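Analysis of the macromolecular model
Letter by letter, the chains look like this.
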Amino acid sequence: MSSIIQLLPDHVANQIAAGEVVQRPASVVKELLENAVDAKATDIKLIIKDAGKSLVQVIDNGVGMTVTDARLCFARHATSKIRQAEDLFSLGTKGFRGEALASIAAIAHMEMKTKQDQDELGTHIVIEGSKFVSQEVAVLPKGTSFAVKNLFFNIPARRNFLKSDTVEFRHVMDEFQRVALAHPNIHFSFYHNGSEMYNLPAAGYRQRIVGIMSGKTNEKLVPVNEDTEIINVQGFVCKPEFAKKNRGEQFFFVNDRFIKSSFLHHAVMSAYDGLLKDGSQPSYFLYLQVPPNTIDINIHPTKTEIKFDDEQALYAILRASIKHSLGQFNVAPVLDFDRDSNLDTPYHYKDVEAEVPTIQVDGTFNPFTDDKTNQHYSKAGSGSSGYSSGSSFSSSSSSSGSSSSGSYSGYSKRVEPTASWESLYVGLDVENPESIESSPFTFENEEVTSSLFNDEDVEQATQKTYQIHKKYIVSPIKSGMIIVDQQRAHQRILYEQFLLNMTVNQASSQQLLFPLDLFYSASEMELIEELKPSLATTGFVFDESKTDHVVISGIPVNITESEVSQVIEQLLSDLQDGIPGNSYSQNDTIAKSMAKSLAVKTGSYLTEKEQDNIVNGLFACKDPNISPFQKPTFITMRVEDIDKKFAL
């Protein structure tokens, strides 16, 4: 029997490896940017077209490659990062497997230009699907340029499974942000379809974070700095009042490498315990430096997972350092909420003894004397003028021409005599009260109500609905009763209202006296720009848009001004997987998101009128049985079912 095991050709093996390494254009961006960083570049430029489907180009001014290295770098497991297995435990570079360039070249048209500083000429190589098309000598600047065109040209199934340009562009931007945040000492620039998205000069951590996120991020950041024997923690966390619904601004960097760790994320969340609202996520940018021999990076092809030697110690240090920073910068609330800092004793009064104030009293003063023509208020003291710790109150009589004891100093005020209280009753016959005439009282706009029926014919209205545990509404019906989930029912009502406004009616809008300025990151601004036409049909009015914020001058009538930021933030969170292609699906997604944000929540108290409005509004809907998220809105209990509960 002949043998059946065969050694796969290199181009087939490369395509298989590309399935793990290259999943989408963002994977190519990540690998090429990390190679540029490893090449000790100080200026890196990223150029993409059609969200990376047509072109991904990375240009750097790094060390470059020789002619031999330029040809060998496309071979499998060819790398300049490690020499032996022990080097895996002391990695100082991003890549080390030597699979990225070989995998990318197997599924795309690739062009490389490279030159070292000491060489006069560089090397220009063209590869199509792992096949070398040409290799020429060219006049090039120092550094390396990789251009990847027509990604997945020989694997049409993979190309068809790519998402829309909006989704793929957001993934590319995420990878660019991660590399740029990890290396603030490198100048990064990013161009998409000829438009400049980012131009980030070399700066510190804070400046790089502000440059990538938005200008308003600076006021949200709280610095974190902790240096121990096993870990060095630096970076920033955001104040609790700026927490978001999504986890888009959460970054861990271990030895300048972006990672994802649910364990470390839990440590951050425990530091915020008691400071966040339910469902809110804090933003953080944390840079951890640990000894390379205490971590294992060789876990996943994307190298975003890391194994630590002592996770419990890292958890405790990270949690304590964040909690300390939040308390140090007065972010965490103090215990004494009513303390007034103005009442604190200054330090320079600490050793000063208190003086007993001297008080001078006029013993002859009588407030009930009839003659009050001359009254003086004065302040007296031991000094010759001004104010002192003592005071006196003095009265003088014009008939006697004498004044009481006391000294006058400072100022005095003359009080004019006023009429006595008896003058209020002059002209009234007190002995005969009936003689006092009183005019009848009249009221303007007195409301006159009338009824078509006699009062005895009108039944006394009774309460029809009841709220149970601030969650369910119970309403009696002819056959028994219905129990309505108030949150799901309100979601159904709002969902159909928004959908009707967006598809049939033009929603009314209320103009704001002062327009709202809402700041977002670059990727979020891309989503908002695509959502503007649909949001306008719901009642939003946008004045202008800048690179990092939008100006809203009008909002829907059923939204308050304080809810605008929450609604848009929830909408962006729900659209993280991309905006639907057709308009109906897009409107449906927006209506669901806004209904979820604005619906009355479980635990909210409702008045009787509000309960009636929800019950009546639910059964006026086209599909009252389920919520927009396919969950039942009410259940029915018949009288027979209740009778069975009481049956013996």
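None of the values given here were measured: they were computed from a predicted structure.

Okay, the overall build of the chain next. The number of helices and strands found in the chain is 15 helices and 24 strands. Taken across its 648 residues, the chain has 41% of its residues classed as buried. If you take every contact in the chain between residues at least 6 apart in sequence, the share linking residues at least 24 apart comes to 68%. Accessible surface, the chain: about 38,200 Å² in total, of which carbon and sulfur atoms supply 52%.

Attention now moves to the pattern of salt bridges. The full count for this structure, using the stated rule, is 11 salt bridges. Of the charged contacts, one joins Glu 34 and Lys 30 as a salt bridge, the two residues approaching to 3.2 Å between their closest N and O atoms. Separated by four residues within a single helix, Glu 34 and Lys 30 lie in helix 2 (residues 25-38), roughly one turn from each other. One exposure class covers both Glu 34 and Lys 30, and it is buried.

Under the counting rule described, the total for this entry stands at 17 aromatic pairs. With centroids separated by 6.4 Å and ring planes inclined at 75°, the aromatic side chains of Phe 74 and Phe 146 adopt a geometry described as edge-to-face. You can see Phe 74 sitting in the loop between helix 3 (67-72) and helix 4 (100-106) and its partner Phe 146 sitting in strand 6 (residues 143-149), a full 72 residues away along the chain. Grouping residues by exposure puts Phe 74 and Phe 146 together as buried. Relative to Phe 190, the ring of Phe 169 has its centre 6.1 Å away and its plane inclined at 25°; by these criteria the two rings are stacked. Of this pair, Phe 169 sits in helix 6 (residues 165-182) while Phe 190 sits in strand 7 (residues 187-192), and the two are 21 residues apart along the sequence. The buried category is assigned to Phe 169, whose relative accessible area is 4%.

Looking now at empty space enclosed by the protein. Using a probe with the size of a water molecule, rolled over the atoms, empty space left in the structure can be pinpointed. Tallied over the full model, the rule gives three cavities of 30 Å³ or more. Looking at the second largest cavity, its volume works out to about 40 Å³. Lining of the second largest cavity is provided by Met 213, Ser 214, Thr 217, Lys 220, Lys 244, Glu 249, Phe 519, Tyr 520 and Ser 521. Per-class residue counts for the lining of the second largest cavity are three nonpolar, three polar and three charged.

What follows deals with the pairing of strand 13 (residues 284-289). Among the six residues of strand 13, five are classified as buried, and the element is accordingly described as predominantly covered. Pairing geometry for strand 10 (residues 232-238) and strand 13, over six bridges, is antiparallel. In the sheet register, Gly 235 faces strand 13, and the bridge partner there is Leu 286. Taken together, the five bridges between strand 11 (residues 250-254) and strand 13 define a ladder with parallel strand orientation. Following the sheet pairing, Gln 250 is matched in strand 13 by Tyr 284.

Attention shifts here to the sheet that holds strand 23 (residues 549-556). Across the sheet, which stays open at both edges, the three strands sit in the order 21-23-22 with antiparallel pairing between neighbours. Each edge of the open sheet carries a strand with a single partner, namely strand 21 (509-519) and strand 22 (541-545). Pairwise comparison of adjacent strand axes, ignoring direction, gives a mean angle of 15° for this sheet. Of the strand pairs in this sheet, strand 21 and strand 23 are connected by seven bridges, and their pairing is antiparallel. The partner of Leu 518 across the bridge, within strand 23, is Val 550. Along the sheet, helix 12 (residues 564-574) contacts strand 21 and strand 23; its crossing angle with strand 21, the most-contacted strand, is approximately 60°.

Attention shifts here to the sheet that holds strand 13. Reading across the sheet, the five strands line up as 9-10-13-11-12 and stay open at both edges, with mixed pairing between neighbours. Looking along the sheet, the strands with just one partner apiece sit at the ends: strand 9 (221-227) and strand 12 (257-259). Going from strand to strand, the sheet's axes swing by 20° on average, the running direction of each strand aside. Here strand 11 pairs with strand 12 via three bridges, running antiparallel. Bridging from a neighbouring strand, Val 254 pairs with Arg 257 of strand 12. Strands strand 9, strand 10 and strand 13 of the sheet are contacted by helix 7 (residues 205-212), whose axis makes an angle of about 35° with strand 10.

The next thing to look at is the packing of helix 11 (residues 522-538) against helix 12. Packing of helix 11 against helix 12 leaves a shortest axis separation of 11 Å and a crossing angle of 110°. Between helix 11 and helix 12, the crossing angle belongs to the class labelled roughly perpendicular. Taking contact as the criterion, the partners of Glu 524, Leu 527, Ile 528, Leu 531 and Leu 535 in helix 11 are, on helix 12, Ile 568, Leu 571 and Leu 572. In the contact of helix 11 with helix 12, the residues fall into seven nonpolar, no polar and one charged.

Moving on: the confidence of the model for the chain. Residue-level pLDDT values for the chain average 78, and 75% of them are 70 or greater. Within the model, pLDDT remains below 50 along residues 372-413, and this stretch shows 71 contacts once partners closer than five positions in the same chain are excluded. Here residues 453-461 is a poorly scored stretch, pLDDT under 50, and it has one contact once near neighbours within four places are set aside; other chains count.

This part covers the packing of helix 2 against helix 6. Relative to each other, helix 2 and helix 6 sit at 20°, their axes nearing to 8 Å. On the basis of their axis angle, the class for helix 2 and helix 6 is roughly parallel. When the axes of helix 2 and helix 6 are compared, the crossing they make is right-handed. Only Glu 168, His 171, Val 172, Glu 175, Phe 176 and Val 179 of helix 6 make contact with helix 2, whose side of the interface consists of Pro 25, Ala 26, Val 29, Lys 30, Leu 33 and Val 37. Residues belonging to the contact of helix 2 with helix 6 are distributed by class as follows: eight nonpolar, one polar and three charged.

Glancing now at a nonpolar patch on the surface. Taken together, the side chains of Leu 121, Val 137 and Val 139 present a nonpolar region at the surface, about 320 Å² in accessible area. The topology assignment puts Val 137 in strand 5 (residues 131-138). Look at Val 137 and you get exposed, because its relative accessible area is 61%.

Structurally, Ala 595 can be placed in helix 13 (residues 583-598). Judged by its relative accessible area of 0%, Ala 595 is buried. C-alpha of Ala 595 to C-alpha of Arg 488: the two residues are 107 residues apart in sequence and 9.6 Å apart in space. Excluding residues within four positions of it along the chain, Ala 595 makes contact with Gln 491, Leu 494, Tyr 495 and Phe 498.

Here Ser 627 lies in the loop between helix 14 (608-619) and strand 24 (634-638). On the accessibility criterion, Ser 627 (1% relative accessible area) is buried. Excluding anything up to four places from it in sequence, Ser 627 contacts Arg 488, Gln 491, Arg 492 and Thr 633.

Its identity is not glycine, yet Asp 50 carries a phi of approximately 55°, on the positive side. Secondary-structure assignment places Asp 50 in the loop between strand 1 (43-49) and strand 2 (55-60). Take Asp 50: its relative accessible area is 33%, and that puts it in the partly exposed class. Of note, His 469 is a non-glycine position whose phi angle comes to about 55°, a positive value. With respect to the secondary-structure elements, His 469 resides in the loop between strand 18 (466-468) and strand 19 (472-477). In this structure His 469 comes out as exposed when scored by relative accessible area, which is 74%.

Calculation rules
- Residues numbered from 1 in each chain as written.
- Predicted model: local features only at pLDDT ≥ 70, side-chain atom pairs only at ≥ 80, totals over all residues.
- Heavy atoms only, no water.
- Helix = DSSP H or I, 4+ residues; strand = E, 2+ residues; numbered from the N terminus.
- Buried < 20%, exposed > 50% of the residue type's maximum accessible area, 1.4 Å probe, protein only.
- Contact = heavy atoms within 4.5 Å.
- Areas by Shrake-Rupley, 256 points an atom, 1.4 Å probe, with all protein chains shown as cover.
- Salt bridge = Lys/Arg side-chain N within 4 Å of Asp/Glu carboxyl O.
- Phe/Tyr/Trp six-rings, centres within 6.5 Å; stacked < 30°, edge-to-face > 60°.
- 1 Å grid on protein atoms, 1.4 Å probe; cavity = no way out; pocket = protein on both sides within 12 Å on 5 of 7 lines; lining within 4 Å.
- Points joined across faces, edges and corners; volume = space filled by probe spheres on them.
- Nonpolar A, V, L, I, M, F, W, Y, C, P; charged D, E, K, R; others polar.
- Pairing = 2+ DSSP bridges.
- Axes fitted to C-alpha atoms, helices over the stretch in contact; angles between N-to-C directions.
- Parallel < 35°, antiparallel > 145°, perpendicular 65-115°, else oblique.
- pLDDT = per-residue confidence, 0-100.
- Left-handed = near helix turned anticlockwise from the far one by under 90°.
- Patch = residues over 30% accessible without salt bridge, like charges linked within 9 Å, V, L, I, M, F, W, Y side chains within 5 Å.

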